[in-house]
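Inside the fold
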Amino acid sequence: MLRRQHGFSLLELLVVLFVVVIITSLVTLTVNTGTQDRALDTEVRNLADVAAYAIDEAQFSGRDYGLLLQRRFEDGREYVSYSWRERRLEGWREPAVAADIFVERQFEPTVELELFLDDLAVPDFSDDAAGLDAAPQVIFYSSGETTPGALEWRDRDSGNVLWRIEWDLIGRFTLLPFGEPLPELDDAA
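This structure is a prediction, so every number in the text was calculated from the model and none was measured. (Residues numbered from 1 in each chain as written. Predicted model: local features only at pLDDT ≥ 70, side-chain atom pairs only at ≥ 80, totals over all residues. Heavy atoms only, no water.)

**Thoughts on the overall build of the chain**
A count of helices and strands for the chain gives one helix and 10 strands. The order of helices and strands in the chain, counted from the N terminus, is α-β-β-β-β-β-β-β-β-β-β. In the chain, which comprises 189 residues, the share counted as buried stands at 33%. At a minimum sequence separation of 6, the contacts of the chain that also span at least 24 residues come to 58%. Counting every atom, the chain has about 12500 Å² of accessible surface; 56% of that belongs to carbon and sulfur. (Helix = DSSP H or I, 4+ residues; strand = E, 2+ residues; numbered from the N terminus. Buried < 20%, exposed > 50% of the residue type's maximum accessible area, 1.4 Å probe, protein only. Contact = heavy atoms within 4.5 Å. Areas by Shrake-Rupley, 256 points an atom, 1.4 Å probe, with all protein chains shown as cover.)

**Concerning the pairing of strand E10 (residues 173-177)**
With five bridges joining them, strand E9 (residues 161-167) and E10 adopt antiparallel strand pairing. Residue pairing across strands places Glu166 opposite Thr174, the latter belonging to E10. Hairpin connection, E9 to E10: the antiparallel pair is bridged by five residues, and Gly171 has positive phi, about 75°. (Pairing = 2+ DSSP bridges.)

**Observations regarding unusual backbone geometry**
Phi is positive for Asp75, which is not a glycine, with a value near 55°. You can see Asp75 is positioned in the loop between strand E1 (65-74) and strand E2 (77-88). In this structure, Ala98 is a non-glycine residue whose phi angle is positive, near 50°. With respect to the helices and strands, the residue Ala98 is situated in the loop between strand E3 (91-93) and strand E4 (105-106). Taking the relative accessible area as the measure of exposure, Ala98 reaches 18% and is therefore buried.

**Some thoughts on the nonpolar core**
One broad rule of soluble globular proteins: the nonpolar side chains tend to lie buried together. In terms of nonpolar packing, the biggest core is built from 31 residues, with Trp84, Leu151 and Trp153 touching the most fellow members. Residue assignment for this core shows that the elements contributing at least two residues are helix H1 (10-61), E1, E2, strand E5 (111-117), strand E7 (138-140), strand E8 (149-155) and E9. Residues contacting Trp84, with those up to four places away along its chain left out, are Leu47, Val50, Ala51, Ala54, Gly66, Leu67, Arg93, Glu94, Pro95, Phe102, Val103 and Phe140. (Core = buried A, V, L, I, M, F, W, Y, C linked by side-chain atoms within 4.5 Å.)

**Things to note about the side chain of Ser83**
By the secondary structure assignment, Ser83 is in strand E2. Relative accessible area serves as the criterion here: at 3%, Ser83 is assigned to the buried category. At a separation of 3.4 Å, a polar atom in the side chain of Ser83 contacts the side chain of Arg85. With sequence-adjacent residues up to four places away left out, Ser83 is seen in contact with Gly66, Leu67, Leu68 and Glu104. (Polar contact = N/O pair within 3.5 Å; in protein donor to acceptor, adjacent residues only side chain to side chain.)

**Digging into the pattern of salt bridges**
All told, the structure shown has 14 salt bridges when counted by the stated rule. Taken together, the shared-partner salt bridges connect Arg63, Glu86, Arg88 and Glu90 into one network. (Salt bridge = Lys/Arg side-chain N within 4 Å of Asp/Glu carboxyl O.)

**As for empty space enclosed by the protein**
Within the structure shown, the criterion is met by one cavity of 30 Å³ or more. Lining the largest cavity, in full, are Leu47, Ala48, Ala51, Leu67, Trp84, Val138, Phe140, Leu151, Ile165, Trp167 and Phe173. Listed by contribution, the elements that provide at least two residues to the lining of the largest cavity are H1, E7 and E9. Here the lining of the largest cavity gets three residues from one element, more than from any other, and that element is H1. The residue inventory of the lining of the largest cavity, partitioned by class, reads 11 nonpolar, no polar and no charged. (1 Å grid on protein atoms, 1.4 Å probe; cavity = no way out; pocket = protein on both sides within 12 Å on 5 of 7 lines; lining within 4 Å. Points joined across faces, edges and corners; volume = space filled by probe spheres on them. Nonpolar A, V, L, I, M, F, W, Y, C, P; charged D, E, K, R; others polar.)

Quick look at the structure:
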């Protein structure tokens, strides 16, 4: 009596391997997208928090502060960075106080940033050539006022709005995920 060997054929092993690779790729893609979304969420909230601090510091110290947005090109990719400036006698400089709070940061190259001041789009940001004396686009005056405006983050590939921050004349900030207001929580709940 002849006994048949039981096992898997090469074709069956290749099909199983292919399915495992596809599932692993989908899980990795989902996890990476969530990480990028959380990183952008953190950066947007950090910008709003530091801007609120800059308004308070301007009023407390009697000095104007500003937000400087710049486009940078590295390795064939475009980044938008932002830094903080303080108005001094010699012009706009890095803030002398709270250097750990007013640190320069940049956004991932997967997002585009658009600035609106008084409901008008600011067509372009300064570039690296502007140097240390570059004047900021958004100024927080020591009187507690600022030019009303908004910042909008869009996905570079799809053009969808990911985040929007709006502020009014007295520097009250509103964070709008996906450009929409957050739903109001019901007080009865």
